[in-house]
Amino acid sequence: MGRGESDEKNKMDQEEEVDSGFCDKFRGFPKCIGFIVGNEFCERFSFYGMKAILTIYLLEALLFDDSTSTAIYHAFTFGCYFTPILGAIMADSWLGKYWTIVSVSILYAIGNFVLSISSLFGPPPYPFYGVSPDANIPGAMIGLVLIALGTGGIKPCVSAFGGDQFKDGQTKQVQMFFSIFYFAINAGSLISTLVTPLLRDDVQCYGADCFPLAFGVPAVLMVVATILFVVGTPFYKRNPPQGNVVVLVSKAIGNAVKNRWNREDGEQREHWMDYCDTSKYDKKLVRDIKFMLHVLYMYIPLPVFWALFDQQGSRWTLQAYRMNYDLGPLGKMKPDQIQFVNPALILILIPIFEGAIYPILDKCKIPNKPLQRMCAGMTFAAAAFVVAGFIQIALQNTYPQPPAVGNSGLRVINLANCDLQPTFNPAFTGDDAPSFEPIAYQGDQKLYNVPMGNHTIEFACAGKTSLPDYKVDMGDQEFNTVIIKDNNGALHAPTQFHTDWDKPDKADPKMRVIFMLDPAAIGHNVTVRIENKDVPSQVYETFEVMMETATEYVVKEPGVFNVKLQYKNDAGVEQDDLVGTYSTEHGGGYTVVVYNNKDQNNEVTSYIDASPSSMSILYQIPQYFIITTGEVLFSVTGLDFSYSQAPKSMKSVLQAAWLLTVAFGNVIVLIVAEARLIEDQAIEFFMFAGLMGAVVIIFGIMAYFYTYNEIPKDDEEMEELGKSATDGDLENGKVKNGVDNPALTTDGPVSEGVLAGDTSYITQL
């Protein structure tokens, strides 16, 4: 064979080897993996879909205020990250992974349905109002507890159970499984974060957001997840429980503490763990615990990062809730939908950091150690909250401000078919004396600097008899409306109407009707009905009216509203006359006036009491980008650091401890929210940024003096064996918000017994 033929054959052999290598990743794939991956996709869809809309539900449907909604949200998140420890102990010490997954999945699905059904309780027209209109609150709390227990039980088991299905030597297949598993997690979280807010907001149920449907779809997905997992039962390999390493470590630490407390006077040992009774606990276990405790020392400041990070679903969502959702030709972004930016950016930023930024830092010989990256990630989190604070200040500057102390506000509406000139009598004097300009027909004009007290106003209009002696009573920082109309050629005004100048407590607009007509001239039993033009049977309000009176404000979904007069004519026939339409937007306050226009026809004109939200929700994008960058630096690197610094027997314990840092980070937010010491949200954001900044300094000092563990040589071969099944996905890291990397554990065939590496603490954050 010639040189050319030989080279060609070698080339073909190499190509076949490459192709074979790729195909080998699927050859021998267990049949059951599809059921496990499908289960994970549906479960993550269920969890993140429910969690995305939770804060809005607490605020709008259960009527909690911002702080209580935030506290409940973070209490729930705490439960989701604390209970995995219980789930892992149950799986490793009692039921095994399979039965743990099945049992808690049923509990999980029940919790979802309880939450969905509880959202059907409320005043009419809700279907269960006859049982107890207030049952939605305890029902929601029970549902959230069950969901937290369910997701906590599943969290440490599913990916580990998937790893158990592979045989020894299937390293490539294990890597491919984790890649597919990782994709399923991201797909479930991304899709659900986009879809469930649409189900909530774009579908109307009983005159409000359709929370029963938005919670019901995740509930159905959880049932599907359970069914998928159970269907694969005949194909699973199920390992019996082998004991839980966390329990063993806890007992060993307890033994060391007890013996140290009871030590003889003058007895000193190099490390307090040396007091552990080695006749009960293996010396290697004691040594490994020392390594673990050395790493856990660096975990102490970490909860503060999660305190900031998890506010994306609470305080940041509430910030978005009061912004303008309009994206122009792209439609509208729901306030709970913008959370999808985080997992979307994760998928973009991880390969950029791993493929470009880190290699460039290495080439430039810029310090790039794990603890330095984590410190940088914390700094980015602090910066994100500084940005959020300034965005909050800008947002609050768009809110209407009350008149200054000692002053009041006055609006005049002209319905007299002329150019109206109001004049204070006597006129105010001074540099900033309040005075009106002429007001066109159907127009209005506002003054915010009218001194409180009783005043007289003259209303004059060409061709009409003036109103020379109209009295107004202006309270401190109050706002009032005066409506002028034509009464047979003479100007006429009813008593002033008190007006709410501030924005609604929630994002939905508030509105009221001022009825300027004479009901007796219309018919019998006259009422005014306002109804959303798109869903008139769902969003509506009916008012009983009298001449020249105002209704109370009501809060309704934004949109275009029809105004109808409903009455009986002299023949007793029901009439339903459309008078006109008006539109409302998020965050606005409106006065809707029903009157007789210049052509003697009934007409409707709406006036803005409080301007709708004007600051675009897109202003949140920078803070999401910054905190996601911090997440890549902190979370991915932090788990990589923990993995590399722990002996094989302690990896699952550090995974459990990592989860606890997330849990206790949420406790920090819960305490701050419930303490209510900071009323200004911008100041609270800056406070968290300052707290994170202080922790950055502390962590930086700790990192500077930290000495990296050197795993003894008797463990090195085990380390390489453990990593061989996972290194292919190590660069992906493990990321919160549905972007997880189960490959950061010792799954599958490398898990031999408790001390060989318990795999129960694999997490889907």
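Residues numbered from 1 in each chain as written. Predicted model: local features only at pLDDT ≥ 70, side-chain atom pairs only at ≥ 80, totals over all residues. Heavy atoms only, no water.

Concerning the overall build of the protein
Along the protein, the regular secondary structure elements total 17 helices and 19 strands. In the protein, buried positions account for 55% of the 765 residues. Pairs at least 24 apart in sequence give 75% of the contacts found in the protein among residues at least 6 apart. Roughly 32,000 Å² of accessible area belongs to the protein as shown, and the carbon and sulfur atoms make up 59% of that amount. (Helix = DSSP H or I, 4+ residues; strand = E, 2+ residues; numbered from the N terminus. Buried < 20%, exposed > 50% of the residue type's maximum accessible area, 1.4 Å probe, protein only. Contact = heavy atoms within 4.5 Å. Areas by Shrake-Rupley, 256 points an atom, 1.4 Å probe, with all protein chains shown as cover.)

Comments concerning a nonpolar patch on the surface
Taken together, Phe-113, Ile-117, Phe-128, Val-220 and Val-224 make up a surface patch of nonpolar side chains, about 370 Å² in accessible area. Counting residues per element, the ones that place at least two in the nonpolar patch are α3 (66-118) and α7 (211-231). Within the secondary structure layout, Ile-117 lies in helix α3. (Patch = residues over 30% accessible without salt bridge, like charges linked within 9 Å, V, L, I, M, F, W, Y side chains within 5 Å. Salt bridge = Lys/Arg side-chain N within 4 Å of Asp/Glu carboxyl O.)

A short note on the state of the cysteines
In this structure the tally under the stated criterion is two disulfides. Here Cys-205 is linked by a disulfide to Cys-210, with a sulfur-sulfur distance of 1.7 Å. Where Cys-205 bonds to Cys-210 through sulfur, the torsion about that S-S bond is close to -50°, and the disulfide is left-handed. Since its relative accessible area comes to 15%, Cys-205 is described here as buried. Disulfide pairing places Cys-418 opposite Cys-461 at an S-S distance of 1.5 Å. Placement of the pair is Cys-418 in the loop between β3 (407-415) and β4 (420-424) and Cys-461 in strand β6 (residues 453-461), with a sequence separation of 43 residues. The residues Cys-418 and Cys-461 share a single accessibility class, namely buried. Here the disulfide map of the protein reads 1-2, 3-4, the bonded cysteines being numbered as they appear in the sequence. (Disulfide = S-S within 2.5 Å.)

Observations concerning the pattern of salt bridges
Within this structure, the stated rule accounts for 23 salt bridges. Between Arg-315 and Glu-684 there is a salt bridge; the shortest N-O distance is 2.9 Å. Within this pair, whereas Arg-315 is found in helix α11 (residues 315-321), its partner Glu-684 is found in helix α16 (residues 681-705), the two being separated by 369 residues in sequence. Classification of Glu-684 by relative accessible area gives buried; the value is 3%. Residues joined in a network through salt bridges with shared partners are Arg-200, Asp-201, Asp-202, Asp-209, Lys-334 and Asp-336.

A short note on α7
Here α7 spans 30 Å end to end across 21 residues, near enough to the 30 Å set by a 1.5 Å rise per residue. Restricting attention to buried positions, one finds in α7 the residues Phe-211, Pro-212, Ala-214, Phe-215, Gly-216, Pro-218, Ala-219, Leu-221, Met-222, Ala-225, Thr-226 and Phe-229. Contact partners of the buried residues in α7: α2 (33-60), α3, α4 (136-154), α5 (158-164), α6 (171-202) and β2 (208-209). (Expected span 1.5 Å × (residues − 1).)

With respect to the sheet that holds strand β7 (residues 467-474)
The strands making up a sheet associate through backbone hydrogen bonding, with each pair oriented either parallel or antiparallel. The three strands lie next to each other as β4-β6-β7, forming an open sheet whose pairing is antiparallel. Of all the strands in the sheet, just β4 and β7 have a single pairing partner and so form its edges. In this sheet, neighbouring strand axes are inclined to one another by 30° on average, regardless of whether the strands run parallel or antiparallel. Bridging between β4 and β6 involves five bridges; their strand directions are antiparallel. Counterpart to Leu-420 in the pairing with β6 is Cys-461. (Pairing = 2+ DSSP bridges. Axes fitted to C-alpha atoms, helices over the stretch in contact; angles between N-to-C directions.)

Description of the packing of aromatic side chains
Think of a pair of aromatic rings as described by two things: how far the centres are apart, and how the planes are tilted against each other in angle. Tallying each qualifying case throughout the model produces 41 aromatic pairs. Ring geometry for Phe-177 against Phe-181: centres 5.4 Å apart, planes inclined by 50°, an arrangement best described as tilted. Of this pair, Phe-177 and Phe-181 both sit in helix α6, four residues apart, which is roughly one turn of the helix. Exposure remark for Phe-177: the relative accessible area of 0% places this residue in the buried category. With a centroid separation of 5.1 Å and an interplanar angle of 90°, the aromatic rings of Tyr-704 and Phe-705 are classed as edge-to-face. Both residues of the pair, Tyr-704 and Phe-705, belong to the exposed class. The rings of Tyr-299, Phe-305, Trp-306, Phe-309, Phe-634 and Trp-658 are connected pair by pair, giving a single aromatic cluster. The ring of Tyr-540 has Arg-529 sitting right over it, with the charged end atom 4.2 Å from the ring centre. (Phe/Tyr/Trp six-rings, centres within 6.5 Å; stacked < 30°, edge-to-face > 60°. Lys NZ or Arg CZ within 6 Å of the ring centre and 35° of its normal.)

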